[in-house]
Amino acid sequence: MSVALRHLVADGYDEAIVWTVEGYERGIAFYEAMGWSRDGGVRDEGRQIRFRRDLSTL
């Protein structure tokens, strides 16, 4: 994850989003531990939730 985020920063991105499956607690815990935050976005009839990460702090 750290390498991917550094590449995004190097390419000029200032934020990133990622989607995961609602209820997948292991994945959700991983993203939260890596500094991602839920932003309220949902898709696939609520089965997927969106996380957002500010890249300016990297």
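One numbering rule holds for all chains: residues counted from 1, following each sequence as written. The predicted nature of this model means local features are confined to residues of pLDDT at least 70 and side-chain atom pairs, given and counted, to a pLDDT of 80 or more, with totals for whole chains, interfaces and linings taken over all residues. Based on all heavy atoms of the structure, the side-chain values leave hydrogens and waters out of the count.

### Thoughts on the pattern of salt bridges
For salt bridges, the criterion is a side-chain nitrogen of Lys or Arg within 4 Å of an Asp or Glu carboxyl oxygen. All chains considered together, the criterion is met by six salt bridges. The residue Arg52 makes a salt bridge to Asp39 at a minimum N-O spacing of 2.9 Å. Of this pair, Arg52 sits in strand β3 (residues 48-54) while Asp39 sits in strand β2 (residues 37-43); the two residues are 13 residues apart in sequence, bridging distant segments of the chain. A salt bridge links Arg47 to Asp44, with the nearest nitrogen and oxygen atoms 2.9 Å apart. Think of it in three bands: residues with accessible area under 20% of the maximum for their type are buried, residues over 50% are exposed, and the middle band is partly exposed, with areas taken using a 1.4 Å probe on protein chains only. On the basis of relative accessibility, which here comes to 44%, the residue Arg47 falls in the partly exposed class. Residue classification places Asp44 among the partly exposed residues on the basis of a relative accessible area of 37%. A single salt-bridge network, built from bridges that share partners, covers Glu15, Asp39, Arg50 and Arg52. Note on conventions: DSSP H or I runs of at least 4 residues are helices, E runs of at least 2 residues are strands, and numbering of each starts at the N terminus.

### As for the environment of Asp11
Assignment of secondary structure puts Asp11 in the loop between α1 (2-10) and β1 (15-21). Using a relative accessible area of 60% as the deciding quantity, one classes Asp11 as exposed. Taking the C-alpha atoms as reference points, Asp11 and Ala29, separated by 18 residues in sequence, lie 27 Å from one another.

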